[in-house]
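Coordinates in review
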Amino acid sequence: MVPKVAQLPHLLLLIVILCYPMLTHAGEAVTGRIRGIVTDAASGKPLTNVQVIIVGSSPTMGAATDTLGTFKLPPLVVGRRYTLYVTSIGYEPATIRQVSISSAKETVLSITLKESIQSLDEVIIRPKLNKGAPLNDMALSGARMISMDEASRYAGGIDDPGRLMGSFAGVASSGAANNDIAIRGNSPQFLQWKLEGVEIPNPNHFPESIGVGGGILTAFSTNVMANSDFYTGAFPAEYDNALAGVFDVNLRTGDNLYHEHSAQIGTLGIEVSTEGPFHPSPKASAYPGLYNKEKYLHPEHKNRASYLINYRASTLALSAKMFGGILDKISGMRYQDWTYKFNFPTAHAGTFTLWGIGTFDDYDQPLPKDLAHTSYLPYTDNAHQAMNVAGLSYKFYIGANSYLKSVLAYNYTTNHRVIDQYDMLGEMVAPMANMKLDNNSLTLHSFLNSKISARITNRLGLTATKLFYKDNLNIIPNFPYANGEAIQNVANSSGNSLAVSLFNQTNYRMSNRWTLQVGLNASYFKLNNETTLEPRVALKWLVAPKMSLALAYGLHSRRENLEYYFVENANSQTQPNKELKQAKAHHLVFTCDWNINENLHFKVEPYYQELFDIPVEADTPFSIINQQYFWMTRLLTNSGKGRNYGIDFTLERYLQDGYYYLVTASVFDSRYQGGDGEWRNTALNRHYVFNLLGGKEWTVGKTRRNVLGVNLRFNFMGGGYYTPFDAERSVAEQRPVEDTAHTLSCQHKPAFVANATLNFKMNRQNCTHEIAFKILNATGHDDSYGYSYNFMKQKVTEIKGKIIIPNLYYRISF
């Protein structure tokens, strides 16, 4: 698909004008800065006199942390990456690999060190090299850390954290139009999103519009993310209300020394960001040059409070006009989002943080322009969706080895969707759906983390969530397969409920080779008056300095979406779904981690999951595991089961000498037992998912300060399963009628998808310019978006779409 020539030159001309400053002042010296803080991994306390050395520097360059644990390195030449070696007496050293710096933004690192439990004459301590190790030391298996660098570099991400997850083993997504995260064959709605330690609703633009659990784009950019953890099974006891995995996202803290800004314009919209301290930055006249900022670095010199604000707005119609018909299916979508974080450290009263995200989405699908040649039943689809999450976090150190962290968060979501059926003359026939969901919650999450000794760390906490709901669902039977049926009210409820969970988890380092983690989560849900006890346990063995084995088990449970509980029985006028218990799953995960050398890491992870108490519809093949829509019209019981087992492989070559690669392979089987007692393939039982991802960076220009990057990702995965249609009944009823005797017996063809990123970054003193072109689904794979009755062909046909999402943008940071 070639961009329309009439529109594309206008954008290219605008980008050339904006990039003109990059062509001037080519000979000036350009430097950047790395600074940060080093803390104890268990207690969170800042560490003094830690040595931070730049590996390979000659003469040796480095710095030591001060009394507040902060360090600052001398000015460094931009256009290259630096590896840091961090060491302190009594602690295990760490290696921070390939840190990128920019002339426009300081690189601020948060580094943790583990206290050694043996003296130096008893064991040779080697630096930690696995950069994918989770931030949470309580996670010994089934987790990895997602870095800011990966989020911005990997192809296929388009600055979307949700799409980034598809690069990792055990994860599959539906296609270019949906960023859902399906882990090990589970439903995407079984994933829990957390932000700053609190569970949040599905944080995507147009959530659940194409399928449950996903959306078009995550509601916050990778530019505001800090390093975060992603769990694929057997997660620690602090995580409740999740059945498949957890994406525990942290927002980065704004720079507390210097004001920094960025602006981006591209085919998908605009983005602006600003961050900095609440006090004035140093004046250039008084403190010329970057190095003189160090006067203001130490927290005792100035108020350390800072802010971070990010805003994005887009109309996908712009891309549709520029790139032809390839984006027509999503051209009616308009969205905007905002993210903020205000950080207020105090001298003695702890740290207060105010943070939040918000979205505003509109979607209008009009009637086809040429109704005379329309093969399918025409309809209009109008949606308005919004979300706001605001939180206040507080962290307070108690003594030398403990801290209390508490978060109070409020979230609000609204989803109003109206779908109307029309005839071939453009006259409205009947409404198909009119749904409005308004849900709110107030959550308190608090825990006490205590480093009892160098061997033992304990975390005790609670989460209490007050849930408010007001839902009204009106929909035709057999939606979306309309045939003139009258719209019916299936749920109309308002009220509130309460969910509470208590947890305790202990990490016991029995020796430098053996670590044991045990925990228990107890939860209560007032709506159905159910209490659950969920044990979690994990054991890790350091077989050799470069290899470890881990085994983890967990019992996990999940509440259903609130609107599912209030479906009415039309005959008895009751709501039997209120009696539904939480769906549950046993997770068993084994992990083998092997650092083949300093740059190459291999991991293999076999797993087994046994699901039970799964909501199903009695005497039918339906199970919540295969739920496609955000609404529910069925009466359910907890007699369903599920079973997932497989093995994930990861081979990762860390970025070194300008290139990296990541190879992942997942082979698995995912089956379920519906309300009729039969075992079948789940809809997402793809059987295999393979990823090959890599990239190369070149430093270019006379002073080697500019960076040219190419990143590619290739994905090959099996097709999902679907139910065939009864041809005779479909013709008779003039709508698709599923052949339920063969539910989920047919499999779609395998998918091969390629994504690519080409970017060029130019560093000038205190300013960086970037031009990038990113494209999703460059191979033009046809995704399936369901089935409809074709009136011209008088049969059911598949609705397919070749959605290719290109993004050409210019970004300036200063």
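As a reminder, the structure under discussion sits directly above these lines.
Quick caveat, the model's predicted, so the values are computed rather than measured. (Residues numbered from 1 in each chain as written. Predicted model: local features only at pLDDT ≥ 70, side-chain atom pairs only at ≥ 80, totals over all residues. Heavy atoms only, no water.)

Quick look at the overall build of the protein chain
What counts here: The way it works is that DSSP assigns letters per residue, a run of H or I at least four long becomes a helix, a run of E at least two long becomes a strand, and they are numbered from the N terminus. Relative accessible area decides the class of each residue, using a 1.4 Å probe on protein chains only: under 20% of the type maximum gives buried, over 50% gives exposed, and in between gives partly exposed. Should any heavy atoms of two residues lie within 4.5 Å, those residues are considered in contact. All accessible-area figures derive from a Shrake-Rupley calculation using a 1.4 Å probe, and residue coverage is judged against the displayed protein chains alone.
Within the protein chain, the secondary structure is distributed over 5 helices and 45 strands. Residues classed as buried in the protein chain amount to 56% of the 814 residues present. Pairs at least 24 residues apart make up 67% of the contacts formed inside the protein chain by residues separated by at least 6 positions. Total accessible area on the protein chain stands at roughly 32,700 Å², and carbon and sulfur atoms take up 59% of it.

Some points on the pattern of salt bridges
Should their charged atoms come close, side chains of opposite charge can pair. Quick reminder of the rule: Salt bridges are defined by distance alone: a side-chain nitrogen of Lys or Arg within 4 Å of a carboxyl oxygen of Asp or Glu.
The final tally for this structure, using the stated rule, is 31 salt bridges. The salt bridge involving Glu 652 is made with Arg 144; its shortest N-O contact spans 3.7 Å. Here Glu 652 is found in strand E34 (residues 637-656), whereas its partner Arg 144 is found in strand E10 (residues 143-146), with 508 residues between them in sequence. With respect to burial, Glu 652 and Arg 144 carry one shared label: buried. A salt bridge links Lys 774 to Asp 159; its shortest N-O distance comes to 3.2 Å. Placement of Lys 774 in strand E42 (residues 767-776) and of Asp 159 in the loop between helix H2 (148-153) and helix H3 (161-164) is noted, with a sequence separation of 615 residues between them. For Asp 159, a relative accessible area of 8% gives the class buried.

Concerning the side chain of Ser 141
To keep it simple, the criterion reads: By the criterion applied in these results, polar contacts are pairs of N or O atoms within 3.5 Å in which, for protein atoms, one can donate a hydrogen and the other can accept it, and in which residues neighboring in sequence qualify only through two side-chain atoms.
Here Ser 141 lies in the loop between strand E9 (107-113) and E10. Residue Ser 141 is classed as buried on the basis of its relative accessible area, which comes to 5%. For Ser 141, the side chain forms a polar contact with the side chain of Thr 591, separated by 2.5 Å.

Section: the sheet that holds strand E7 (residues 81-87)
Stated formally: For two strands to count as paired, DSSP must find a minimum of two bridges between them. Lines are fitted to the C-alpha atoms to define the axes, a helix being fitted only along its stretch in contact, and any angle between axes, read from their N-to-C directions, falls within 0 to 180 degrees.
A sheet is described by the order of its strands in space; here 4 strands give the open sequence E4-E3-E7-E8, paired in antiparallel fashion. Pairing within the sheet leaves two strands with one partner each, and these edge strands are strand E4 (62-64) and strand E8 (94-100). Strand-to-strand, the axes of this sheet are offset by a mean angle of 20°, without reference to chain direction. In this sheet, E8 lies alongside E7 in antiparallel orientation, the contact comprising 5 bridges. When the sheet's bridge partners are listed, Val 86 is paired in E8 with Ala 94.

A look at the nonpolar core
Put simply, the rule is: Nine residue types can take part in a nonpolar core, namely buried Ala, Val, Leu, Ile, Met, Phe, Trp, Tyr and Cys, and a core is a set of them joined through side-chain atoms within 4.5 Å.
In terms of nonpolar packing, the biggest core is built from 60 residues, with Met 165, Ile 181, Trp 193, Phe 230 and Phe 247 touching the most fellow members. Val 50, Ile 101, Ile 111 and Leu 113 belong to the second largest nonpolar core, which has 22 residues in total.

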